[in-house]
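# Per-entry structural report
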Amino acid sequence: MTIDAKPLTEKMRADGLPVELQEYERAGGYQAVRKMLREMEPRQVTQMVKDANLRGRGGAGFPTGTKWSFVALGSEVPNPTYLICNADEMEPGTFKDRLLMERDPHEVLEGMICAAFAIEADIAYVFVRAEYSDAADRVEQAIAEAGAAGYLGKNILDSPFSLEIRVHRSAGRYMCGDETGLLNALEGKRANPRMKPPFPTTAGLFGKPTVVNNVETLCCVSHIVKNGAEWFRNLSRTKDGGTKLYGISGKVKRPGLWELPMGTTGREILEEHAGGMRDGVKFRGLIPGGASTEFIVDKDLDLPMDFSGLAPAGSRLGTGTMILLDDKTCPVGMVRNLTAFFARESCGWCTPCWSGLQWAERILTAMEDGRGEDGDVEQLGQLAKWWAPGNTFCALAPGAAEPLESGLRHFRADFDAHVSEKRCPWK
Amino acid sequence: MLTNEEIREIESEAATYPRRDAACIDALKTVQRRRGWVSDQSVRDIAGLLGMSPEDVDGVATFYNLIFRRPVGRHVILLCDSVSCWVMGYEEIRDRLSEVLGVGLGQTTADNRFTLLPIVCLGCCDRAPAMMVGKDLHTNLDRESIARVLEGYR
């Protein structure tokens, strides 16, 4: 039975200001930390999060408890161990972590304290994208409040557990959202990716054991600790636990963000929450979340939007913030825009990515300008194949392949028309 | 030459890391906060302070979208050109901005008031199209509101 609860967003204020410490505590905040420090061991916290079926909400969906379990515990482990909150939200179409940090920064911190306890971390960072200056300010303010109240620092609530949380503001690059790119950025370098293995849980920041988790993932953690794994599983309609922040942007009546049971269908979110398409436009497709996921079309809208539910449609959940394609918007233009993003943000480290993305962008731009040629569509398909996982150092290019390959699959006739008519039919 | 205040700030950041050169990005931001951009001299000064080569510092400085290695105007406009803003009317906003300012993307107005730059997704896609002017976020933009928004920035 699905419980109708919105743990991540229910404390948020209508006036848009962040939930302050006293409000947060009155509503049950930091009870998880108290309970955890009184009654639990690190391995129990990790097991609880595993049992809750919490999967990462940064886009990759890796089981969170499993990631934590890779960190060696005990006094022989080289310290410090680091916990990093990945707040570098830059995936086009994604706007959920901004809401969480701006409106309930203590929820982020409480999740971080629980996660840090589970992996015996000594130092934690919140790595915030450069443009989210209000969010970073509010998180820093919350850290000061939490510290003053004894939830951070040495011997938290008279326990042996100590934790310091620092905010690092980035300088702007999508690759900082990649796990190892982030580590390099935090070390003051270019955000190129690192070879894995070793995985960050073994050798991460400055070579020490490190866990990197997304903001939304961490926001789930205190609720799991407080209410239990079974409760968290029961929030969902499917086997992936919890609620999910789903979003929609594009030409719908009410673009926005909604906390709903994990596994809600695209059609329900589109029709009941976003109010359906605006007058004068029709639905043609959507990218589930965000840019680096595959287009799905109307027949796929009744699939459950959890981490495996979109596989029959050849797609995946990613961040769960959907971008709508309407019938008055050119699909080739949309794919061009997405490809241009990836091309610009490529770190330049490996050839299939930096060279291939620019090539694809040139072809798509030519098509849009009426200079498309026979063989262009085939060349784009070949490029998407070259970006398969394993051919590049990180997931940026494989991500770019997803909207391109699926765009060619669903909207082939539109691509062909650009070439045969030597123009964009939407202009 | 870095000012004493800049040096103090950079040193205090460097002290939080196991290696001084980890403060490279923080140092670039410290300098840019005061001067608006990072000059070749600043790159050399930061390198000296952190024990890095100027080439390594420049490699970092030129990697990041929001570190400016050329002078910028008093107010930097970051106009989002990613997919949701594109669907919701980015091109019209870009053209209107160019009309009002008399410059294109990547350029600074003659009076040094504004620099107009493209930026990738600003993370407020349900309120597209969007732009930032300095630290301020402006959303749900349309042709008519552009001039009014810019008036607030002298």
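Residues numbered from 1 in each chain as written. Chains lettered and ligands numbered in written order. Predicted model: local features only at pLDDT ≥ 70, side-chain atom pairs only at ≥ 80, totals over all residues. Heavy atoms only, no water.

So, about the packing of aromatic side chains. Counting across every chain of the model gives 15 aromatic pairs over all chains. On the basis of an interplanar angle of 65 degrees and a centroid distance of 6.2 Å, the ring pair of Tyr174(A) and Phe342(A) is categorised as edge-to-face. One end of the pair, Tyr174(A), is in the loop between strand 3 (164-169) and helix 8 (179-186); the other, Phe342(A), is in helix 12 (residues 331-345), and 168 residues separate them in sequence. Here Tyr174(A) matches Phe342(A) in class, with each residue buried. Over the face of the ring belonging to Phe63(B) we find Arg173(A), whose NZ or CZ atom lies 4.3 Å from the ring centre. (Phe/Tyr/Trp six-rings, centres within 6.5 Å; stacked < 30°, edge-to-face > 60°. Helix = DSSP H or I, 4+ residues; strand = E, 2+ residues; numbered from the N terminus. Buried < 20%, exposed > 50% of the residue type's maximum accessible area, 1.4 Å probe, protein only. Lys NZ or Arg CZ within 6 Å of the ring centre and 35° of its normal.)

Residues and elements named next belong to chain A. Spatial strand order, 3-2-1-4: four strands in an open sheet with parallel pairing. Each edge of the open sheet carries a strand with a single partner, namely strand 3 and strand 4 (210-214). Each strand axis lies, on average, 20 degrees off the axis of its neighbour in the sheet, ignoring direction. When strand 2 (residues 123-128) meets strand 3, the two strands line up parallel, connected through six bridges. Paired with Ile123 across the strands is Glu164, a residue of strand 3. (Pairing = 2+ DSSP bridges. Axes fitted to C-alpha atoms, helices over the stretch in contact; angles between N-to-C directions.)

Residue and element names in this part refer to chain A. At a minimum axis separation of 8 Å, helix 2 (residues 31-39) and helix 9 (residues 215-227) run at an interaxial angle of 60 degrees. Here helix 9 runs oblique to helix 2, going by the angle between their axes. Considering the relative orientation of helix 2 and helix 9, their crossing is left-handed. Across the interface between the two elements, Gln31, Ala32, Lys35 and Met36 of helix 2 pack against Ser222, Val225 and Lys226 of helix 9. For the contact of helix 2 with helix 9, the residue count by class is three nonpolar, two polar and two charged. (Parallel < 35°, antiparallel > 145°, perpendicular 65-115°, else oblique. Left-handed = near helix turned anticlockwise from the far one by under 90°. Contact = heavy atoms within 4.5 Å. Nonpolar A, V, L, I, M, F, W, Y, C, P; charged D, E, K, R; others polar.)

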